[in-house]
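Now for the letters of each chain:
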Amino acid sequence: MSMASKSLFIVAIDFGTSYSGYCFSLAKHTDQIRQVFWGHEHGLNTVKTPTCILFNEKREFMKFGYDAVMKYHTLPSRQAHKWYYFHHFKMKLYNKKITSNMELETDNGEKFPALKVFSESLRYMKDHALNTIREASYQTVYVTEDVTWVITVPAIWDASARQFMRLAAKEAGLISDMFSEKLIIALEPEAASVWCKQLPQEGFVAEGGDRQKFEESPGTQYVVVDVESQDQPICSWIQIYQLCCNISSAALQHASSSHGGTIDITVHEIQENQSLKELHKASGGGWGGDTVDEKFKEFLKEIFQDGVWEEYAQNHPAECHKMMYDFGLQKCSSSREEVYMRCYHNLTKVVEHKKKDIALFFDGIKGVLWCDGTIMITYEKMKSFFAYSVRQTIGALQEILNKPEMAKVQYILLVGGFASSIILRDEIYQTFRKYRILCPQESQAAIIKGAILFGQNPQIVASRISALTYGVKISEAFDIAVHDVQKKRVSKADNYVYCTDLFKKLVGIGDLVEVDEVASYTFTPTEPDQTSVIFSFSCTEKDDAKYIDEEGLKMLGSCTVPTPNTELGKNRQLRLDIKFGLTEFKATGTDVTSGESRTVMIDFLTA
């Protein structure tokens, strides 16, 4: 019986780099998924709200989302610089050493606990979801325990980032303890896979009139390309402009320089029982939609030279933000035509100060024309902004698909906010002609809606590939021919000579691990009178290691198991059971003699 079947509702939270949202359904009726809309009180109606959070000078949570943006940008400046405002903070969990006490820096250089930023964001989402459910269910009061929560994370995040999200969820009150099965950390490409697998033909974009269904027969192999952009919600700029009128230039520069868009590439195979087997572990990097924005900005600097663009961005950040927003909508367009960008009032004013006709700035610059208050950018020029991101994506895909073990792959599924861009899709269609390429109609919603189905049945992904080699510290009888003399120890009880700090491999990098599979290992105590034993875990990118203190090994944490009954001395059995196939790892150590056992979520967060 799955955990969701004991819950009344499933809530999937899409905690995005730039925007966040959630949707929910009854656990027994996942065919009816309710998406939640945001920003009504600000005259908006979007499926996501900005991933922005605001704390006051006493470090108390104040606002999240549009409310945070509104409040912060309407604060008098003397008050604003004492408050704590965060955006784009999710990217801080990518490719970093993550600990439970790590800190984030605000725009004005103040330090703040990262855990509080993440947990208060999740607490807000939790409270919002419970209120929505209560309103939708005619005042029946539901509590957190009635919900299975699913939080989606990029597959390229390492185990410490996933565990940090679980810890934040515990702090936020979504779950009562770290072992709770009421919280599922779902990998974004897996959730997208699950959604695409059950879509009818009409659910996919028809390219060249050829609409196909994703055939879900056993043995089918496919690649999921999850391209996250800055996934801007669609709304009128008049409203966003009102929100951002007082946006600080420092905040704007910070926002525009962080690479929000990640790209995840994962390969799956459909099994006999319709579950999924991972054939290739996630790879990718921070070269999603944001790099396109950077290229566009460089182009504007090229047009408005002599410091004009810099002066405009510095003195009119809200308007500059608005222009970038217009571009954000255009870049995910599905038409192959030139793009018209409005030139805003203050930009023309800055140009006038230079005593120069604005049309002169466009002389000799390819791919752009000045058309009476509008900047016309050719389709070819638009494509050039995408070149780097597209090249990286295609290169990474080719590298994977060229491997001999990928010979049977038939489909490429394109999901995520950036997948709606016709430029990216065209390049993928032209490069990978022998594959069937599918893009769901709502490429962004595929992940969050798939997460609901994942919450209902987490076993839908049957096996994953281990991202690292994991092992446990052991000791064994000392052998001068094999062991390092410095690792030689003598037992105080019976003069047993042993070697310490040995690394025993439990699972290797690249190994296929079943989700339900429990790997069991048996050990004996080193000392006859030992009343507890410590299992300590390490990981490495190497295939194997001899000692736990070698270069490239990282200590992960440990679990202490009481072994109170010492009558049998060293003839006692200690059993270690580990589930490696989950998105997180659980280890249980048991003293077979006394039946005492301890379970530990292997700790990736200690410094």
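Definitions and cut-offs
- Residues numbered from 1 in each chain as written.
- Predicted model: local features only at pLDDT ≥ 70, side-chain atom pairs only at ≥ 80, totals over all residues.
- Heavy atoms only, no water.
- Axes fitted to C-alpha atoms, helices over the stretch in contact; angles between N-to-C directions.
- Helix = DSSP H or I, 4+ residues; strand = E, 2+ residues; numbered from the N terminus.
- Parallel < 35°, antiparallel > 145°, perpendicular 65-115°, else oblique.
- Left-handed = near helix turned anticlockwise from the far one by under 90°.
- Contact = heavy atoms within 4.5 Å.
- Nonpolar A, V, L, I, M, F, W, Y, C, P; charged D, E, K, R; others polar.
- Core = buried A, V, L, I, M, F, W, Y, C linked by side-chain atoms within 4.5 Å.
- Buried < 20%, exposed > 50% of the residue type's maximum accessible area, 1.4 Å probe, protein only.
- Expected span 1.5 Å × (residues − 1).
- Pairing = 2+ DSSP bridges.

S.K.: Let's hear about the packing of helix H13 (residues 379-401) against helix H14 (residues 422-431): which residues, and what values?
M.R.: Running from amino to carboxyl end, H13 crosses H14 at an angle of 50 degrees, the nearest separation of the two axes being 9 Å. Comparing their axes, H14 and H13 come out oblique. In this structure, H13 meets H14 at a crossing whose hand is right-handed. Seen from H13, the contacting residues are Tyr379, Met382, Lys383, Phe386, Val390, Ile394, Leu397 and Gln398; seen from H14, they are Ile422, Ile423, Leu424, Asp426, Glu427, Ile428 and Thr431. A breakdown of the residues in the contact of H13 with H14 according to their chemical character gives ten nonpolar, two polar and three charged.

S.K.: Can you explain the nonpolar core? Please cite residues and give values.
M.R.: Formed by 59 residues in total, the largest nonpolar core has its most connected members in Val225, Phe304, Trp309, Met323, Ile375, Phe385 and Phe432. Counting residues per element, this core draws most heavily on H13, at ten residues. Contacts of Phe432, omitting those with residues within four sequence positions, involve Ile394, Leu397, Gln398, Leu401, Ile412 and Ile437.

S.K.: Quick one: what's the story with unusual backbone geometry, residue by residue and with numbers?
M.R.: At Asp306, a residue that is not glycine, the phi angle is positive and equals roughly 60 degrees. Here Asp306 lies in the loop between helix H9 (290-303) and helix H10 (308-315). We note that Asp372 has phi near 50 degrees; this positive angle belongs to a residue other than glycine. Inspection of the secondary structure assignment puts Asp372 in the loop between strand S16 (368-371) and strand S17 (374-377). The class of Asp372 is exposed, set by a relative accessible area of 75%.

S.K.: Which residues make up the packing of helix H6 (residues 188-197) against helix H15 (residues 445-456), and what values do they have?
M.R.: Two measures define how a pair of helices packs: the angle their axes make with one another and the distance between the axes. Interaxial distance between H6 and H15 falls to 7 Å at its minimum, and their mutual angle equals 80 degrees. With respect to each other, H6 and H15 are oriented roughly perpendicular. Residues Glu188, Glu190, Ala191, Ala192, Val194 and Trp195 of H6 pack against Ala446, Ile447, Lys449, Gly450, Ala451, Leu453 and Phe454 of H15. Grouping the constituent residues of the contact of H6 with H15 by class yields nine nonpolar, one polar and three charged.

S.K.: For helix H5 (residues 159-171), give the residues involved together with the corresponding values.
M.R.: Compared with the 18 Å implied by 1.5 Å per residue over 13 residues, the 18 Å span of H5 between its first and last C-alpha is a close match. Most of H5 is tucked away, with eleven of its 13 residues classed as buried. When H5 is considered as a whole, its buried residues turn out to be Ala159, Ser160, Ala161, Arg162, Gln163, Phe164, Met165, Arg166, Leu167, Ala168 and Ala169. Note on H5: the residue one or two positions beyond its end, Gly173, has a positive phi of about 85 degrees.

S.K.: Report on H14, specifying residues and quantitative values.
M.R.: It helps to recall that an α-helix has 3.6 residues per turn; residues three or four apart then point in one direction. Every buried residue belonging to H14 is among Ile422, Ile423, Leu424, Arg425, Asp426 and Ile428, and all of these are buried. Where the residues of H14 are buried, they touch strand S12 (221-227), H13, strand S18 (409-415) and strand S19 (436-438).

S.K.: Could you give an account of the environment of Lys381, with specific residues and numbers?
M.R.: Of note, Lys381 is situated in helix H13. With 13 residues separating them along the chain, Lys381 and Val368 place their C-alpha atoms 7.7 Å apart. In this structure Lys381 touches Phe299, Lys366 and Gly367, once residues within four positions along its chain are discounted.

S.K.: Got a sec to walk through the pairing of strand S23 (residues 497-507)? Specific residues and values, please.
M.R.: Of all the eleven residues making up S23, eight are buried; the element is thus mostly covered by neighbouring parts of the structure. Where strand S21 (residues 469-477) meets S23, seven bridges bridge the pair, whose relative direction is antiparallel. For Glu476, the partnering residue across the bridge sits in S23 and is Cys499. Bridge count for strand S22 (residues 488-490) against S23 is three bridges, and the pairing is antiparallel. In the strand pairing of S23, Val490 is matched with Val497. Linkage of S22 to S23, two consecutive antiparallel strands, is achieved through a turn of six residues, within which Asn495 is found at a positive phi near 55 degrees.

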